[in-house]
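Understanding the architecture of this molecule
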Amino acid sequence: MRRIALIALLILTSCTGNTGPAETTQPAALTTLPPATAAETSTTTTSATATTDTTTTTTTTTTTLPPNAAAGFALSQVVFGDLAFVVITNRGDAPGTTDGLWLTQGQAVRALPAVELAPGEQAVLGLGAQPPLDLAGMAAVIHIGPSLGPIEQTGGEVGLHNSDAFNDPNSLIAYVAWGRGLHAHSEEATEAGLWDGSSVEIIDETPSISTGIYPATHASDWAVDIGG
């Protein structure tokens with residue numbers, strides 16, 4: 001009886017399969033996901049209209065003359081006759097005054113009154129018995145009178161000096177001689193490099209001579225003004 005029970009137990013065990021431990025279900029592998037993608041956020045951009053204060057700056061321009069700026073007075077025209085006059089021009093690059101300047105013809109001399117001329121400005125120096133006519137574009141009209149003697153068409157000279165050392169070439173700053181006759185300061189003007197000893201040739205009925213050249217150091221630098 002005991003033998004039969006043992007055999008039955010063996011048969012029962014064989015029918016139930018492997019005798020190893022029961023299979024255990026492994027947990028699912030843990031997968032680490034990347035951080036969740038953030039949901040799209042609707043961004044509202046507020047456009048603000050910026051108000052810009054515009055400030056207008058006014059710049060004052062100051063003209064600075066170069067260190068060597070200087071007035072440069074020159075003879076520009078000589079008119080003959082009863083209403084004779086001479087035109088002088090400041091051809092320099094700075095204002096200047098006629099104070100201290102002298103006009104000569106031969107041995108006759110005349111000091112000029114103080115008149116300030118800006119660069120490019122001109123003044124009329126009346127040399128006749130009557131004041132000269134008003135001329136357009138002139139900054140000043142100075143009636144010196146006939147103290148230099150008659151300014152004759154046939155011949156003469158005019159010198160512009162910056163001192164009363166009239167026989168010193170260094171005192172001359174401009175000179176012109178025309179026609180025939182004695183040109184008392186021609187030698188000094190030549191020595192100063194302001195003239196070459198020539199003489200402006202005068203044509204009959206010539207009322208005046210003029211120049212636009214600075215410095216005018218030769219007769220050919222001057223023109224005969226036909227008809228005034």
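See the structure above.
Residues numbered from 1 in each chain as written. Predicted model: local features only at pLDDT ≥ 70, side-chain atom pairs only at ≥ 80, totals over all residues. Heavy atoms only, no water.

Looking only at helices and strands, one finds two helices and 12 strands in the protein chain. Helices (α) and strands (β) of the protein chain occur, in sequence order from the N terminus, as α-β-β-β-β-β-β-β-β-β-β-α-β-β. For the protein chain, with 228 residues in total, the buried portion stands at 35%. Of all intrachain contacts in the protein chain linking residues separated by at least 6 positions in sequence, the fraction that spans at least 24 positions is 48%. When the accessible surface of the protein chain is split by element, carbon and sulfur atoms take 54% of a total near 14,900 Å². (Helix = DSSP H or I, 4+ residues; strand = E, 2+ residues; numbered from the N terminus. Buried < 20%, exposed > 50% of the residue type's maximum accessible area, 1.4 Å probe, protein only. Contact = heavy atoms within 4.5 Å. Areas by Shrake-Rupley, 256 points an atom, 1.4 Å probe, with all protein chains shown as cover.)

Time to look at the sheet that holds strand 7 (residues 122-126). Strand pairing in a sheet is mediated by backbone hydrogen bonds. Such pairs are either parallel or antiparallel. Taken in spatial order, the six strands line up as 8-7-2-1-11-12 in an open sheet, and their pairing is mixed. Of all the strands in the sheet, just strand 8 (140-143) and strand 12 (223-225) have a single pairing partner and so form its edges. Each strand axis lies, on average, 25 degrees off the axis of its neighbour in the sheet, ignoring direction. Pairing geometry for strand 1 (residues 73-79) and strand 2 (residues 85-90), over six bridges, is antiparallel. Paired with Leu75 across the two strands is Ile88, which belongs to strand 2. (Pairing = 2+ DSSP bridges. Axes fitted to C-alpha atoms, helices over the stretch in contact; angles between N-to-C directions.)

Regular strands show a simple pattern: their side chains alternate between the two faces of the sheet. In terms of strand pairing, strand 4 (residues 102-105) meets strand 5 (residues 108-111) through four bridges, oriented antiparallel. When the sheet's bridge partners are listed, Thr104 is paired in strand 5 with Val109. Taken together, strand 4 and the strand that follows it, strand 5, pair antiparallel across an intervening segment of two residues, in which Gly106 is found at a positive phi of about 60 degrees. Judged from the three bridges that link them, strand 4 and strand 9 (residues 155-161) form a sheet pairing that is antiparallel. Its bridge partner lying in strand 9, Thr104 is registered against Gly159.

Right, let's talk about the packing of aromatic side chains for a bit. Under the criterion given, the structure shown has three aromatic pairs. Between Phe80 and Trp178, the aromatic rings sit 5.4 Å apart at their centres with planes inclined by 35 degrees, giving tilted as the arrangement. In this pair, Phe80 is assigned in the loop between strand 1 and strand 2 and Trp178 in strand 10 (residues 172-179), connecting sequence segments 98 residues apart. Residues Phe80 and Trp178 agree in their burial class; the two are buried. On the basis of an interplanar angle of 70 degrees and a centroid distance of 5.9 Å, the ring pair of Tyr175 and Trp195 is categorised as edge-to-face. You can see Tyr175 sitting in strand 10 and its partner Trp195 sitting in the loop between helix 2 (186-191) and strand 11 (208-210), a full 20 residues away along the chain. Neither residue differs from the other here; Tyr175 and Trp195 are each classed as buried. (Phe/Tyr/Trp six-rings, centres within 6.5 Å; stacked < 30°, edge-to-face > 60°.)

Let's shift gears to the sheet that holds strand 5. With respect to topology, four strands assemble into an open sheet ordered 5-4-9-10, the strand pairing being antiparallel. Whereas interior strands pair on both sides, the edge strands pair on one side only; in this sheet they are strand 5 and strand 10. Averaged over all pairs of adjacent strands, the angle between strand axes in this sheet comes to 15 degrees, irrespective of strand direction.

What follows covers the side chain of Ser198. Here Ser198 is to be found in the loop between helix 2 and strand 11. The exposure class assigned to Ser198 is buried, which follows from its relative accessible area of 17%. Within polar-contact distance, the side chain of Ser198 engages the backbone nitrogen of Ala219 at 3.1 Å. Apart from the residues within four sequence positions on either side, Ser198 is in contact with Ala177, His218 and Ala219. (Polar contact = N/O pair within 3.5 Å; in protein donor to acceptor, adjacent residues only side chain to side chain.)

In this section: the side chain of Thr211. Note that Thr211 resides in the loop between strand 11 and strand 12. Exposure remark for Thr211: the relative accessible area of 10% places this residue in the buried category. There is a polar contact of 3.0 Å between the side chain of Thr211 and the backbone nitrogen of Ile213. Within the structure, Thr211 has its side chain in polar contact with the backbone oxygen of Asp221 (distance 2.7 Å). With near-sequence residues (within four places) excluded, Thr211 lies in contact with Leu75, Ser76, Arg91, Ala216, Asp221 and Trp222.

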